[in-house]
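# Notes for the structure review
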Amino acid sequence: MEKQQFYYDNKIVKLFFWATIIWGVVGMLVGLMVAFLFLFPNYMEGIPWLSFGRLRPLHTNAAIFAFVGNGFFLGMYYSMQRLLKTRMFSDFLSKLHFWGWQLIIVLAAITLPLGYTSTKEYAELEWPIDILVVLIWVVMGINMIGTLLKRRQRHIYVAIWFYIATLVTIAMLYIFNNLELPVAMTGMKSYSVYAGVQDAMVQWWYGHNAVAFFLTTPMLGLMYYFVPKAANRPVYSYRLSIIHFWTLIFIYIWAGPHHLLYTALPDWAQNLGTVFSVMMIFPSWGGMINGLLTLRGAWDKVREDPILKFFVVAITAYGMATFEGPMLSFKNLNAIAHFTDWIVGHVHIGTLGWNGFIIAGMLYWLAKKLYKTELYSTKLANYHFWIGTIGILFYSMPLYIAGFTQAFMWKQFNDAGTLVYGNFLETVTQIIPMYAMRAFGGTLYYTGFLMMVYNIWKTAKQGSKVEDELAEHAPLKVISGKRAKNEAWHSWLERKTILFTVLAFVAVAIGGAVEIVPLLLVDSNIPKIASVKPYTPLELEGRDIYMREGCNNCHSQMIRPFRSEVERYGEYSKAGEFVYDHPFLWGSRRTGPDLHRIGGKYNNNWHFNHMMDPSLTSPGTIMPKYNWLHKNTLDYSTIAEKMKTLRALGVPYTDDEIAGAKASVEAQAKKVEAALHEDPEYVKNYGDSNMQNKEIIALIAYLQRMGTDIKANKTAQK
Amino acid sequence: MEVIYITMGVTVLLAVFFLLIFFKNVKEGQYEDTYTPSVRMLFDDELVKEPTEEPSKEIKKTESQ
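Residues numbered from 1 in each chain as written. Chains lettered and ligands numbered in written order. Predicted model: local features only at pLDDT ≥ 70, side-chain atom pairs only at ≥ 80, totals over all residues.

Regarding its fold elements, chain B presents 3 helices and 0 strands. Shown N-terminal to C-terminal, the secondary structure of chain B runs as helices and strands in the order α-α-α. Here chain B, with 65 residues, has 15% of them falling under the buried criterion. (Helix = DSSP H or I, 4+ residues; strand = E, 2+ residues; numbered from the N terminus. Buried ≥ 20, exposed ≤ 12 C-beta atoms within 10 Å, placed from the backbone.)

Structure below.
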């Protein structure tokens, strides 16, 4: 058949190329800022939008969606065109995808530091941006499927299957986890439609699969394309790669519950999560072995080529992280590691090692291809490799030690049956040297990354201009898409399998989301505890401040049923206590102590002083000051709308309560403030500064309420 | 824990979706040759230096629209 000539779109590849680099620089810089906050908690004193609770989500979102996201799109746009022997489906959609995604990132970088957050990890963006994310994702999907349909190569190479799995799965997960009801169509604020345990379950079903399908499958696709290309030899076993893909996607989606071991999730669901997590080691290691063995007989090249070095360490890091993952899913190991820095170390083996190095190797390789030149300096790339690798080790190893140390300190009892380290702060100051080493490791890694930026910049300068590339290939034998004359309607639809499956899937998904979700959740029959009541209007405002400041990034609200935790914090957390929590705020890391039973533990003055300057009440603490809460006037103008929104989600606020919401805020604030007058120091300094109008009062009201409904129940029974 | 019906339901749906695609692939013969694709992908940037006279312009035109 006659060959057709066509151009590969290299211009769009170039755009994603530089976006990846720029957002890598930004995302990792924010990560470093956060790492140094552990050492110098107040170096950004008094700047609310640079406080830890707001920067941490910015770091995770920038690293995941901006850096790795653009890296995936970069590799996908480059490889799909060449593997399928066609230009992308539509230049317009390619550009829309690119600029839409960058707009999302910029909006995230503005709104997250301003405190607009849903608090759900890796899904913090508020509802208008969520909608934009879904739209742009669909744009990308149409572009990808369109490209598949107009391909000139019948066989779809395995890398593309990994891209497709990413496209479909992330779309589903993102939509279901971000179902939320806006307080007002004109405002950014919204509440998750799920509450408490249910919200936690959806969140970690999403959270786990965000790692699986945003940080793993796209990267595996890149591995299957760029590692063989860079080594110039075929993948070790193509058959294994196909088995790898199908087993991986079928097993991965069931492993989510391992994030909720020892919580109120039903046991069978926890065990199911563990079983599938353990099984994950087979596909993961199958893929790792396949990647490494691709270099069989090419190890002499690895010695000389920094690109292959990056790939080797990336694949090895993938192997390490996916060995650790199943191990951490065993309940006994999870009981130790959960809530500690071990998890942070584990995650960064995956992100710095696996994602970061696959992308670095790919960037170097593509710099040569796009600019049709050699690397400006191979030596500099080698230095980057070594500094980066040492950086990863310095980052992760101290955190493993920190995790173990802290977990064992939390659990240590002395002979008398009391906690050896009853003061939580002791378990924090112990691991500060580890935080210092982590920050050092991060700095090394970042230095290496900046060296790459310089190297690639110089490479681009010395190279030629990026042009679309001419290629040729015979077209596929076309089977008409139109219905044949006597063909039955369904037979035609069956022939169009892609169309059929996509349509069916979209239909069911939308139907499910719209009909099933509210039906199931509004009148939930989680065992309710009679004494658990909705938050008062002031407490609700306080809870929103807690969310805005990102307190959940360092403090959990989930006391597990261990003797050590009950001894330290109080009665373990029950599912029924969270039925009005939209969203749940269980957290995933205890940089500070759990707060679920903080209510009534200290007096109002303690909280007042603690937020003003934590080192006043807890000398040596690494918690930063939150002193703007004492200056900001509480804005409760939307309290009635907030309560109405929550009522629509099943929180039983009465009409009277909503009508009297503002009065109720004022009355309770006055009470909270009056209690502060117990302390003569307070009266002397703030006695007449109208403190009852400030945000701190609402936050104190919320903190004093937290976890007290059950205690109230107990005293009532006695 | 009704939410489990959602997460499980969606997960099963997703699995069925992928299973259908898998069967389709097998049926279409995507996996009959498990060697050639791994080698073919290495040769995908054998570039054409000069466009041939007539057809290329046309195709370039349609492609870049």
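Moving on to the overall build of chain A. If you tally the helices and strands in chain A, you get 29 helices and 4 strands. Computed over the C-alpha atoms, the radius of gyration of chain A is 27 Å, within 12% of the 27 Å expected from 2.2 N^0.38 for a compact globule of 718 residues. Each of the three principal axes of chain A carries a C-alpha extent, and together these read 90 × 65 × 45 Å. Partitioning the intrachain contacts of chain A with sequence separation of at least 6 by distance along the chain shows that 84% fall at a separation of at least 24. (Rg over C-alpha atoms; globule rule 2.2 N^0.38 Å. Contact = placed C-beta atoms within 7 Å.)

Glycine aside, negative phi is the norm for most residues, and most peptide bonds take the trans geometry. Residue and element names in this part refer to chain A. Geometrically, the link from His-582 to Pro-583 is a cis peptide bond, its omega value of -10° lying close to zero. Mapped onto the secondary structure, Pro-583 falls in the loop between helix 21 (563-569) and helix 22 (604-612). Unusually for a residue other than glycine, Thr-119 sits at a positive phi of about 70°. Residue Thr-119 is classed as buried on the basis of its 21 C-beta neighbours within 10 Å. One non-glycine residue, Tyr-122, adopts positive backbone phi at about 60°.

Let us look at the nonpolar core. Residue and element names in this part refer to chain A. By size, the foremost hydrophobic cluster in this structure holds 191 residues, and its most contacted members are Phe-16, Tyr-77, Ala-314, Ile-358 and Leu-363. No fewer than three residues from each of domain 1 (13-473) and domain 3 (537-717) sit in this core. Non-local contacts of Ala-314, meaning those with residues more than four positions away in its chain, are made with Gly-353, Trp-354, Phe-357, Ile-358 and Gly-361. Ranked by size, the runner-up nonpolar core spans 14 residues in total, among them Ala-337, Ala-402, Met-434 and Tyr-435. (Core = buried A, V, L, I, M, F, W, Y, C linked by C-beta atoms within 7 Å. Domains from an automatic or database assignment.)

With 23 residues, helix 12 (residues 306-328) of chain A ought to run about 33 Å at 1.5 Å a step, and its terminal C-alpha atoms sit 33 Å apart, in line with that. With respect to burial, helix 12 of chain A is a largely interior element, 17 of its 23 residues being buried. (Expected span 1.5 Å × (residues − 1).)

Summarising the element assignment, Trp254(A) is placed in the loop between helix 8 (238-252) and helix 9 (267-279). In the structure, Trp254(A) is positioned 23 residues away from Ser277(A) in sequence and 7.8 Å away in space, judged by C-alpha atoms. When near neighbours in sequence (up to four residues on either side) are disregarded, Trp254(A) contacts Leu272(A), Phe276(A) and Thr11(B).

Okay, the domain arrangement of chain A next. All names here are of chain A. Parsing chain A into structural domains produces domain 1 (13-473), domain 2 (491-521) and domain 3 (537-717). Relative to domain 3, the C-alpha centre of domain 1 lies at a distance of 34 Å. With 43 residues of domain 1 at the contact, the number on the domain 3 side is 47 residues. Looking at the side of domain 1 that touches domain 3, the elements with two or more residues in it are helix 2 (52-84), strand 3 (190-192), helix 6 (196-214), helix 15 (378-411) and helix 16 (424-429). The biggest single contributor to the side of domain 1 that touches domain 3 is helix 2, with 5 residues. Of the residues that constitute the side of domain 1 that touches domain 3, the class distribution is 23 nonpolar, 13 polar and 7 charged. (Nonpolar A, V, L, I, M, F, W, Y, C, P; charged D, E, K, R; others polar.)

Take the environment of Tyr445(A) next. Residues and elements named next belong to chain A. Among the structural elements, Tyr-445 can be located in helix 17 (residues 432-462). Residue classification places Tyr-445 among the buried residues on the basis of 26 C-beta atoms within 10 Å. Residues Tyr-445 and Leu-393 lie 52 residues apart in sequence; the distance between their C-alpha atoms is 9.7 Å.

Looking now at the confidence of the model for chain B. All names here are of chain B. The predicted model of chain B has a mean per-residue pLDDT of 72, with 65% of residues at 70 or higher. For chain B, the element scoring lowest by mean pLDDT is helix 3 (residues 53-64), at 44; helix 2 (residues 36-40) scores highest, at 86. With pTM at 0.90, the complex prediction returns an ipTM value of 0.76. (pLDDT = per-residue confidence, 0-100.)

For the pair helix 6 of chain A and helix 1 (residues 3-28) of chain B, the least separation of the axes is 9 Å and the interaxial angle reads 15°. Taken as axis vectors, helix 6 of chain A and helix 1 of chain B run roughly parallel relative to one another. At the point where helix 6 of chain A passes helix 1 of chain B, the crossing takes the right-handed sense. For the pair helix 6 of chain A and helix 1 of chain B, the contacting residues are Gln198(A), Met201(A), Val202(A) and Trp205(A) in the first and Val3(B), Ile4(B) and Thr7(B) in the second. (Axes fitted to C-alpha atoms, helices over the stretch in contact; angles between N-to-C directions. Parallel < 35°, antiparallel > 145°, perpendicular 65-115°, else oblique. Left-handed = near helix turned anticlockwise from the far one by under 90°.)

Residue and element names in this part refer to chain A. At a minimum axis separation of 7 Å, helix 15 and helix 17 run at an interaxial angle of 160°. As judged from the angle between their axes, helix 15 and helix 17 are roughly antiparallel. For the crossing formed where helix 15 meets helix 17, the hand is left-handed. Here the residues of the contact of helix 15 with helix 17 are counted per class, giving 20 nonpolar, 8 polar and 1 charged.

Residues and elements named next belong to chain A. Here helix 20 (residues 537-548) contains 12 residues, and its C-alpha end-to-end distance of 17 Å stays within 8% of the 16 Å for a straight helix at 1.5 Å per residue. With 10 of its 12 residues buried, helix 20 lies for the most part within the structure. When helix 20 is considered as a whole, its buried residues turn out to be Pro-537, Leu-538, Glu-539, Leu-540, Glu-541, Gly-542, Arg-543, Asp-544, Tyr-546 and Met-547. The inward-facing, buried residues of helix 20 contact helix 24 (639-648), helix 26 (661-676) and helix 28 (695-705). Backbone geometry just downstream of helix 20 places Gly-550 in the positive-phi region, at approximately 65°.

Our focus in this paragraph is the environment of His348(A). Residues and elements named next belong to chain A. Within the fold, His-348 resides in helix 14 (residues 341-371). For His-348 and Arg-597, which are 249 residues apart along the polypeptide, the C-alpha to C-alpha distance reads 31 Å. Apart from the residues lying within four places of it in its own chain, the contact partners of His-348 are Tyr-395 and Ser-396.

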